[in-house]
Amino acid sequence: VIRSTIFKKYSKNQFKTKEFFFDEAFADFLIDLDKEAKASPIELVLNGDIFDFDSVTQIPKDAIFDICWLERRRGLYPQEDKMIFQMEKILEDHEVWIHALAFFIKKGHRAVFIIGNHDLGLHFPSVQRSLIDKMKLNEKEQERVQVNEWFYISNFDTLIEHGNQHDPYCVCQDPVNPFIRRYNKVELRLPFGNLACRYMLNGIGFVNPHVD
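Residues numbered from 1 in each chain as written. Predicted model: local features only at pLDDT ≥ 70, side-chain atom pairs only at ≥ 80, totals over all residues. Heavy atoms only, no water.

Draft legend 1. Seen up close, the overall build of the protein. In terms of helices and strands, the protein carries 8 helices and 7 strands. By the compact-globule yardstick of 17 Å for 212 residues, the protein fits well, its C-alpha radius of gyration being 18 Å. Oriented by its inertia axes, the alpha-carbon framework of the protein measures out at about 50 × 50 × 35 Å. Counting across all 212 residues of the protein, residues that qualify as buried make up 41%. A separation threshold of at least 6 residues defines the contact pool for the protein, and within that pool the share at least 24 residues apart is 73%. For the protein, the accessible area works out to roughly 12800 Å², and carbon and sulfur atoms hold 54% of it. (Helix = DSSP H or I, 4+ residues; strand = E, 2+ residues; numbered from the N terminus. Rg over C-alpha atoms; globule rule 2.2 N^0.38 Å. Buried < 20%, exposed > 50% of the residue type's maximum accessible area, 1.4 Å probe, protein only. Contact = heavy atoms within 4.5 Å. Areas by Shrake-Rupley, 256 points an atom, 1.4 Å probe, with all protein chains shown as cover.)

Draft legend 2. Inspection of the nonpolar core at higher detail. Formed by 35 residues in total, the largest nonpolar core has its most connected members in Phe-51, Leu-101, Phe-113 and Met-135. Of all the secondary-structure elements, those providing two or more residues to this core are helix 2 (23-37), strand 1 (43-47), helix 4 (80-92), helix 5 (95-106), strand 2 (110-114) and helix 6 (125-135). By residue number, the principal contributor to this core is helix 5, which donates 7 residues. The residues contacting Leu-101, other than those within four sequence positions of it, are Phe-26, Leu-30, Leu-44, Leu-46, Ala-111, Phe-113 and Met-135. (Core = buried A, V, L, I, M, F, W, Y, C linked by side-chain atoms within 4.5 Å.)

Draft legend 3. Structural view of empty space enclosed by the protein. In the structure shown here, the tally under the stated rule is 1 cavity of 30 Å³ or more. Space inside the largest cavity adds up to approximately 60 Å³. Lining the largest cavity, in full, are Ile-115, Gly-116, Leu-120, His-123, Glu-149, Trp-150, His-162, Asn-164, Gln-165, Cys-172 and Pro-175. In terms of residue class, the lining of the largest cavity is built from 5 nonpolar, 5 polar and 1 charged. (1 Å grid on protein atoms, 1.4 Å probe; cavity = no way out; pocket = protein on both sides within 12 Å on 5 of 7 lines; lining within 4 Å. Points joined across faces, edges and corners; volume = space filled by probe spheres on them. Nonpolar A, V, L, I, M, F, W, Y, C, P; charged D, E, K, R; others polar.)

Draft legend 4. Examining the side chain of Gln-165 more closely. Residue position: Gln-165 is located in the loop between strand 5 (158-161) and strand 6 (179-182). A relative accessible area of 19% means that Gln-165 is categorised as buried. A polar contact is formed between the side chain of Gln-165 and the backbone nitrogen of Cys-172, at a distance of 2.8 Å. In this structure Gln-165 touches Trp-150, Val-171, Cys-172 and Pro-175, once residues within four positions along its chain are discounted. (Polar contact = N/O pair within 3.5 Å; in protein donor to acceptor, adjacent residues only side chain to side chain.)

Draft legend 5. Just the packing of aromatic side chains, in detail. Per the counting criterion, the structure on display carries 6 aromatic pairs. Note on Phe-124 and Phe-179: the rings are 5.1 Å apart at their centroids and 50° apart in plane angle, and the pair reads as tilted. Of this pair, Phe-124 sits in the loop between strand 2 and helix 6 while Phe-179 sits in strand 6, placing them 55 residues apart in sequence. With a centroid separation of 5.9 Å and an interplanar angle of 45°, the aromatic rings of Tyr-169 and Phe-192 are classed as tilted. Residue Tyr-169 is found in the loop between strand 5 and strand 6, and its partner Phe-192 is found in helix 8 (residues 192-204); the two are separated by 23 residues along the sequence. (Phe/Tyr/Trp six-rings, centres within 6.5 Å; stacked < 30°, edge-to-face > 60°.)

Draft legend 6. View of a nonpolar patch on the surface. On the surface, Trp-150, Phe-151, Ile-153, Leu-159 and Val-176 cluster together into a nonpolar patch covering about 450 Å² of accessible area. Here Trp-150 falls in the partly exposed class, since its relative accessible area comes to 33%. (Patch = residues over 30% accessible without salt bridge, like charges linked within 9 Å, V, L, I, M, F, W, Y side chains within 5 Å. Salt bridge = Lys/Arg side-chain N within 4 Å of Asp/Glu carboxyl O.)

Draft legend 7. Geometry of the sheet that holds strand 1. The strand order across the open sheet formed by 3 strands is 1-2-3, and the pairing between neighbours is parallel. The open sheet terminates on both sides in strands that have one partner only, identified here as strand 1 and strand 3 (145-148). Direction aside, the axes of adjacent strands within the sheet are offset by 15° on average. The strands touched by helix 5 within the sheet are strand 1, strand 2 and strand 3, with strand 2 carrying the most contacts at an inclination of about 130°. (Pairing = 2+ DSSP bridges. Axes fitted to C-alpha atoms, helices over the stretch in contact; angles between N-to-C directions.)

Any functional reading would require information that these geometric values do not contain.
Here's what the structure looks like:
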């Protein structure tokens, strides 16, 4: 009942505003995990859609790349240089979250990112580098951060995957190598669900069509 009431009042995009961020709760969670670990390393698996590139609609003021009229209204195309910008914008808004994860890794623990359908930008090594650089990890600490396409097998016995490959609207045609060449540019081949978020939900904005 509570869930239904909330969704009647707020649109999907409103949940992505700062008043609903849970970064500090995440930081407290990692601190508690570290205390309970008692010097034993923990493997934290971040199971996809950790970064929502599809919802980033900001445009750089002094762009070094071309931006078309559609990108200005719905967000940048999923190309490498543009997704680096989007990652940096996401991380700017989540300094508490990124510092908490960096603290966790520096304490000797591991973080495994599984790529979901909304953070396909992590397929670009340079986008991964933006994340690593933001955490300010040394070479040894960087070895404890792993990015996996599609799925991850933890402890040799537990299969973990985001699940979008079982959803016909969100399935990636090639979840390991989702790149295509379009207009002389290499970009990601986005699933239908991602395109719907970019071109429909981003257009709706904070309006809830069931109420407003």
